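# Structure assessment
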Amino acid sequence: METLLPGLIKASYFLAALLFIIGLKRMSSPRTARTGILWAGVGMLVAVAATFALPGLHNRELMLTAVVLGTAAAWWSGRRVAMTAIPQMVALYNGMGGGAAAAIGLAELIAAAAWINVHPGQCAFAAAPSAACLAPSATVLAYVGLFIGAVSFAGSLIAFAKLQGWMDKRFVFSGQRALNGVILLAALVLGAWTLTADFGVGLQVSLLAIVVFAALALALGLLMTLPIGGADMPVVISLYNALTGLAVAFEGYVLQNEAMIIAGMVVGAAGTLLTQLMARAMNRSLGNVLFGSFGAAGGAAQTIAGAQKPIEAADAAVMMAYAERVAIVPGYGMAVAQAQHKVWEFAQALIARGVKVRFAIHPVAGRMPGHMNVLLAEAGVPYDLIADMDDINPEFPTTDVVLVIGANDVVNPVAKTDPSSPIYGMPILDVASAKNVIVVKRGKGTGFAGIENALFYADNARMLYGDGQAAAASLIAELKAVDG
Amino acid sequence: MIDGFLALYIFMLAAFTGYEIIARVPVILHTPLMSGSNFVHGIVVVGAMVALGHAQTPLEQAIGFVGVLLGAGNAAGGYVVTERMLDMFKASRKKEGG
């Protein structure tokens, strides 16, 4: 058994890596998506069980305690959180992964520093006589993984706090970018110095250098994310997801763990591509999201003439009851108001009257691409009623009524007309070309990007003020009244 | 022992695998996939367990313990959230069929 065990563990890691890849592949098609997570879940169980069986590990009670506590807390929070809060939960769990990768780097580097200083000369380059010695390439990747993991940890927690609404403001101060550059440079210099010194500067100094290095990475993650506005958060979360994957892959190399290397790298690449797709959907480059402060040009934006014209729920219901085609454009406001069920109920009532209803979804509506699809799916809206931006945009001119519910920036015509606007160039749902537009909105404020919406002042637009859920409920009631 | 160029090859092939998996995904699945890949890098819990297993001093133990705690949170939370999201897709297809 003793000789068989290492082979079995290696085989388990191989199986885990295989199951992760199959699982992700299945998740990339709607038909098989549901079983995909199961495959990946089995892979995770196999890998964790194999690790418990690894010979020569200490602290097994601590290990079990931490696994049980971490799993229980996350399972409980993940179960009870509302679907609308999913984006910030993904950010939170992702930050935890980044923190774990950083902790691995920290622990391994501290152990290596301690070993070298107690057994000088035993870790001479290449031929590492002990598990506590790191090869030079492993030391480099331990640092890099620690850095990326810590950035992802701090950044994801800020993203979580912002989406959770604990932190409304964007913190911008002059010289912020320069400060970030200085921190990055300091971390590079410090890392290079400890590498060349190879922990030969004494244990105390080595430990201090490693801890300061980690602190610099945390500070960078914090400062990088603070100035980023909520509209860009989906891209940022996706980026940190990719970064955590990379950190996991690098720390996997340090630990010589194949499952970590492969899973981490696959997520790193997939996450990078996903980030690019999202950034493209918003017509912004990644550099622009990270370094250009959103809204900085806002002061120069055109002012919009005219007034917002309100409408009563009764009139709006009549308008849609006798329409031939109605398009519903949901946005984050619908998610906040938990209005997806009521909206679908209203849409069903319209469909029962013979109105052709479709839901039009902007690629970045909500706080995550596909966020609205998830919510509508929760309410039970069938796939074939949901249209992508490219499909529905040509249909708007022949649409009688567009009901915009809680969406703002993604229907703002300013993106096409005003070059000075921060969202200029972003592809939008062209709802202004429809015959009538009804906008359900809580108040007269601006959207998440803080930009005035020219749509609300358009001649064919009417404002139905109120919370999304209440508005949908009164529309349903008024629609019933139409039939008497 | 995975070293030098062998590691580079694995990095490269895994990166292409990840890229190809995502390359032709409909927008509707972007959020579940992001969440699913978030779960997959929860494999970090395994590494944190090994790091905790190597730990000698109380400081290393503490760091390792926090690492395992966070890693397990990543894996479990990522799984639950992804499963809940994908569950809804199933419900909606059922209605469509019936």
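None of these values were measured; they are calculated from a predicted model. (Residues numbered from 1 in each chain as written. Chains lettered and ligands numbered in written order. Predicted model: local features only at pLDDT ≥ 70, side-chain atom pairs only at ≥ 80, totals over all residues. Heavy atoms only, no water.)

### Regarding the overall build of chain B
The condition is simple: A run of H or I in DSSP counts as a helix once it spans at least four residues, and a run of E counts as a strand once it spans at least two, with each numbered from the N terminus. The cut-offs for exposure are 20% and 50% of the maximum accessible area for each residue type, with area from a 1.4 Å probe on protein chains only; residues under the lower value are buried, those over the upper are exposed, and the others partly exposed. In what follows, a contact means two residues having at least one pair of non-hydrogen atoms within 4.5 Å. Each accessible area value is a Shrake-Rupley result obtained with a 1.4 Å probe; residue values ignore everything except the protein chains displayed when judging cover.
Each helix and strand in chain B was counted, giving four helices and zero strands. Along its sequence from the N terminus, chain B presents helices and strands in the succession α-α-α-α. In chain B, which comprises 98 residues, the share counted as buried stands at 61%. For chain B, contacts bridging at least 24 residues in sequence account for 64% of all contacts bridging at least 6. Carbon and sulfur atoms form 68% of the exposed surface of chain B, whose accessible area is close to 3,700 Å².

### Regarding the interface of chain B and chain A
Put simply, the rule is: A side-chain nitrogen of Lys or Arg and a carboxyl oxygen of Asp or Glu constitute a salt bridge if their distance falls within 4 Å. The term polar contact refers here to a pair of N or O atoms within 3.5 Å; inside protein, the definition further demands a hydrogen-donor-capable atom paired with an acceptor-capable atom, and it admits residues adjacent in sequence only when both atoms are side-chain atoms. Side-chain classes are defined by residue name, with Ala, Val, Leu, Ile, Met, Phe, Trp, Tyr, Cys and Pro counting as nonpolar, Asp, Glu, Lys and Arg as charged, and the others, Gly among them, as polar.
Each partner contributes to the interface: chain B provides 79 residues, whereas chain A provides 104 residues. Between R79(A) and E83(B) there is a salt bridge whose closest N-O contact spans 3.0 Å. On inspection of chain B and its partner chain A, the count reaches 16 residue pairs in polar contact (both at pLDDT 80 or more). Mapped by element, the contributors of at least two residues to the side of chain B that touches chain A are α1 (4-23), α2 (30-40), α3 (44-54) and α4 (58-97) of chain B. With 33 residues, α4(B) is the largest single contributor of residues to the side of chain B that touches chain A. Considering only residue class, the side of chain B that touches chain A consists of 47 nonpolar, 23 polar and nine charged.

### Here's the deal with the packing of aromatic side chains
Note the following rule: Only Phe, Tyr and Trp rings are paired, with Trp represented by its six-membered ring, and only when their centres lie within 6.5 Å; those with planes under 30 degrees apart are stacked, over 60 edge-to-face, the remainder tilted. Counted as over-ring charges are cases with an Arg CZ or a Lys NZ within 6 Å of the ring centre that also lie within 35 degrees of the ring normal.
Counted under the stated rule, the structure contains eight aromatic pairs over all chains. Considering the side-chain rings of F160(A) and W166(A), the 5.4 Å spacing of their centres and the 85° angle between planes classify their relative orientation as edge-to-face. The interplanar angle of 65° and the centroid separation of 5.5 Å between the aromatic rings of F39(B) and Y79(B) together place this pair among those described as edge-to-face. Note that F39(B) is positioned in helix α2 and Y79(B) in helix α4, a separation of 40 residues in sequence. An aromatic cluster of at least three residues, connected via ring pairs, comprises W75(A), F39(B) and Y79(B). Directly above the aromatic system of Y322(A) lies the positively charged group of R353(A), at a separation of 5.3 Å from the ring centroid.

### Points about the nonpolar core
Put simply, the test is: Only buried residues count toward a nonpolar core, which is a set of Ala, Val, Leu, Ile, Met, Phe, Trp, Tyr and Cys residues joined through side-chain atoms within 4.5 Å.
M320(A), F359(A) and I43(B) are the most contacted members of the largest nonpolar core, which totals 202 residues. The leading source of residues in this core is helix α4 (residues 86-118) of chain A, at 18 residues. Apart from the residues lying within four places of it in its own chain, the contact partners of M320(A) are V326(A), F346(A), L350(A), V355(A), V401(A), L403(A), I438(A) and L475(A).

### Some details on the sheet that holds strand β5 (residues 436-441) of chain A
All names here are of chain A. What counts is decided by this rule: By this definition, two strands are paired if DSSP reports at least two bridges between them. Orientation is described by lines fitted to C-alpha atoms, with helices fitted over the stretch in contact, and by angles between N-to-C directions that extend from 0 to 180 degrees.
As summarised here, the arrangement of the six strands in space is β3-β2-β1-β4-β5-β6, forming an open sheet in which the pairing is parallel. In the strand order of this sheet, the two ends are held by β3 (386-388) and β6 (461-465), each with one partner. Between one strand axis and the next, the sheet turns through 25° on average, direction left out of account. Bridge count for strand β1 (residues 325-330) against strand β4 (residues 401-405) is five bridges, and the pairing is parallel. The partner of P330 across the bridge, within β4, is I405. Docked against the sheet, helix α11 (residues 313-321) engages β1, β4, β5 and β6, running at close to 140° with respect to β5. Helix α13 (residues 340-352) rests against β1, β2 (356-361) and β4 of the sheet, and its axis sits at about 145° to β2.

### Section: empty space enclosed by the protein
All names here are of chain A. Going by this rule: Cavity means a closed set of points on a 1 Å grid over the protein atoms alone, one where a 1.4 Å probe fits but cannot get out, pocket means an open set with protein on both sides within 12 Å along at least 5 of 7 lines, and lining means a residue has an atom within 4 Å of a point. Grid points are joined across faces, edges and corners, and a volume is the space filled by probe spheres set on the points.
Taken as a whole, this structure holds one cavity of 30 Å³ or more when the rule is applied. Approximately 30 Å³ is the volume found for the largest cavity. Considering the residues around the largest cavity, the lining is formed by V343, F346, L403, I405, V440, A471, A472 and L475. Taken together, the elements giving at least two residues each to the lining of the largest cavity come down to α13, β4 and α17 (468-482). With three residues, α17 is the largest single contributor of residues to the lining of the largest cavity. Taken together, the residues of the lining of the largest cavity break down into eight nonpolar, no polar and no charged.

### A look at helix α1 (residues 4-27) of chain A
Rules: A helix is expected to span 1.5 Å for every residue after the first.
Its 24 residues give α1(A) an end-to-end C-alpha distance of 34 Å, which sits within 8% of 34 Å, the value for a rise of 1.5 Å per residue. Taken residue by residue, α1(A) has I9(A), S12(A), Y13(A), A16(A), A17(A), L19(A), F20(A), G23(A), L24(A) and M27(A) as its buried positions.

### Describing the pairing of β1(A)
All names here are of chain A. The buried fraction of β1 is high, at five of six residues. Pairing between β1 and β2: four bridges, direction parallel. Each residue of the ladder has a partner; that of V326, found in β2, is V357.

### Quick look at the confidence of the model for chain A
Residues and elements named next belong to chain A. How we decide: Values of pLDDT, ranging from 0 to 100, describe the predictor's confidence in every residue of the model.
Within chain A, residue pLDDT values average 85, and 90% of them lie at 70 or more. At the level of individual helices and strands, chain A shows its lowest average pLDDT in helix α10 (residues 286-291), which scores 74, and its highest in helix α3 (residues 60-80), which scores 94. Low pLDDT, under 50, characterises residues 294-301; the predicted model gives this stretch 13 contacts beyond four residues in sequence or across chains.

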